[in-house]
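# Residue-level structural notes
Each chain, letter by letter, is given below.
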Amino acid sequence: MNNFFSVEDVINVYDLVKEAIILKKNPYSFKEFGLNKTIGLVFFNPSLRTRISCQKAAFNLGCHTWTLDINKDSWKIEMSDGSVMMKTQEHIKEAINVMSIYCDILAVRSFPNLLNREEDYKEVIFNKILLYSKVPVVNMESATLHPLQSLADLMTIAEIKPFYDKKKSKVVLSWAPHIKPLPQSVANSFSQWISKIKEIDFTITCPDKYNLFENFSKNIYTTYNQNKAFLKADFIYAKNWSSYIDYGKVLCNNSDWMITKDKMKLTNQAKFMHCLPVRRNMVVEDAVLDSPDSIVLKQAENRIYASQIIFLKILQSLS
Ligand code: CP
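Presented here is an overview of the structure given in this document. (Residues numbered from 1 in each chain as written. Predicted model: local features only at pLDDT ≥ 70, side-chain atom pairs only at ≥ 80, totals over all residues. Heavy atoms only, no water.)

### Focus: the overall build of the protein chain
- Looking only at helices and strands, the protein chain features 13 helices and 11 strands.
- Its C-alpha atoms give the protein chain a radius of gyration of 19 Å, near enough to 20 Å, the size a compact globule of 319 residues would have.
- Projected onto its principal axes, the C-alpha coordinates of the protein chain cover approximately 55 × 50 × 35 Å.
- Classification of the 319 residues of the protein chain by burial places 56% in the buried group.
- Restricting to contacts in the protein chain with at least 6 residues of sequence separation, those with at least 24 account for 79%.
- Surface exposure of the protein chain reaches about 14500 Å², of which carbon and sulfur atoms provide 53%.
- Between the centroid of the 40 positive side chains of the protein chain and the centroid of its 33 negative side chains there is a distance of 3 Å. (Helix = DSSP H or I, 4+ residues; strand = E, 2+ residues; numbered from the N terminus. Rg over C-alpha atoms; globule rule 2.2 N^0.38 Å. Buried < 20%, exposed > 50% of the residue type's maximum accessible area, 1.4 Å probe, protein only. Contact = heavy atoms within 4.5 Å. Areas by Shrake-Rupley, 256 points an atom, 1.4 Å probe, with all protein chains shown as cover. Lys, Arg positive; Asp, Glu negative; His and termini not counted. Charge placed at Lys NZ, Arg CZ, Asp CG, Glu CD.)

### A closer look at the pairing of strand β1 (residues 38–43)
- For β1, a buried count of six out of six residues is recorded, marking the element as mostly surrounded by other parts of the structure.
- Of the two faces of β1, both are covered, the one formed by Thr38, Gly40 and Val42 as well as the one formed by Ile39, Leu41 and Phe43.
- Strand direction decides the pairing type here: β1 and strand β2 (residues 64–69), joined by six bridges, are parallel. Its bridge partner being in β2, Ile39 is matched across the sheet by Thr65.
- In the classification by handedness, the crossover that spans β1, the intervening helix α2 (residues 49–60) and the parallel β2 is right-handed.
- As judged from the five bridges shared by β1 and strand β5 (residues 105–109), these two strands associate in the parallel manner. (Pairing = 2+ DSSP bridges. Right-handed = clockwise from strand over helix to strand, strands pointing away.)

### Topic: the sheet that holds β5
- Spatial strand order, β2-β1-β5-β6: four strands in an open sheet with parallel pairing. The open sheet has two edge strands with one neighbour each: β2 and β6 (137–139). Averaged over all adjacent pairs, the angle separating strand axes in this sheet is 20 degrees, with direction ignored.
- In this fold α2 packs onto β1, β2 and β5, with an angle of close to 180 degrees to the strand it touches most, β1. (Axes fitted to C-alpha atoms, helices over the stretch in contact; angles between N-to-C directions.)

Quick look at the structure:
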């Protein structure tokens, strides 16, 4: 593996999930690949899980890491080409080039601006990062995708209901309310990854005008009726996203869409999933998040091994 931007960089998703689950059982078994290697972690946006799980994954592989929070620790970065840099001190071209001199793998988080759909969905910023980096690049959440999260999510589902079970499991991605406009990246990415698993019956439920971009949702059953979607579900994955159609807008904050204990009763005693961070009693009721069926901490734990298997694949290709 060279760069890791999306599921399209993965040869076989089944094998990758299986390998990540095996790695979790013996996480220090590939330390020779990280010897004298450095992973740079660059954040244009805040993070708790991604930052720490990637550091832990690198540690497990014997790698050194450095982390840069661009907005707190660095110069203000200019993203546009050809601009007169009156308010910014360093251009992304030099910044990425230089940072990539200081590491063997560069992992980057850069959220969308949610103002210009075309720019976000062309992944203009991430493509610049790929262009200017001298070393392999890992996507720690870009404008439209969050692949390390999705890999951890698939691992979590597979640990509970292995994909090769005869009976198909039903997974529902449910939009849930939020006060701020959030990216579509987790929802896009989850849909993209889960569509590769034919043993899963996948449904998206969201309010009108919240349908995901068709590249990520084509051939996926999408319904505006949340109660109907929840029937017989084995996993409910809650996530807010802003509208793709009316780009970046919050068109609905109807609390009826919140995940409640009563709604979970419609399911097949479904496991509750969320990538975190989550706003309690806005996205999901305390009673659901704190119930034994909530697997959000397992998802967070699996972020380590999802990152680790990706770093390992890249390190193996470097050696
Ligand atoms: N789920 C996730 O990516 O969490 P952070 O934003 O805290 O990294």
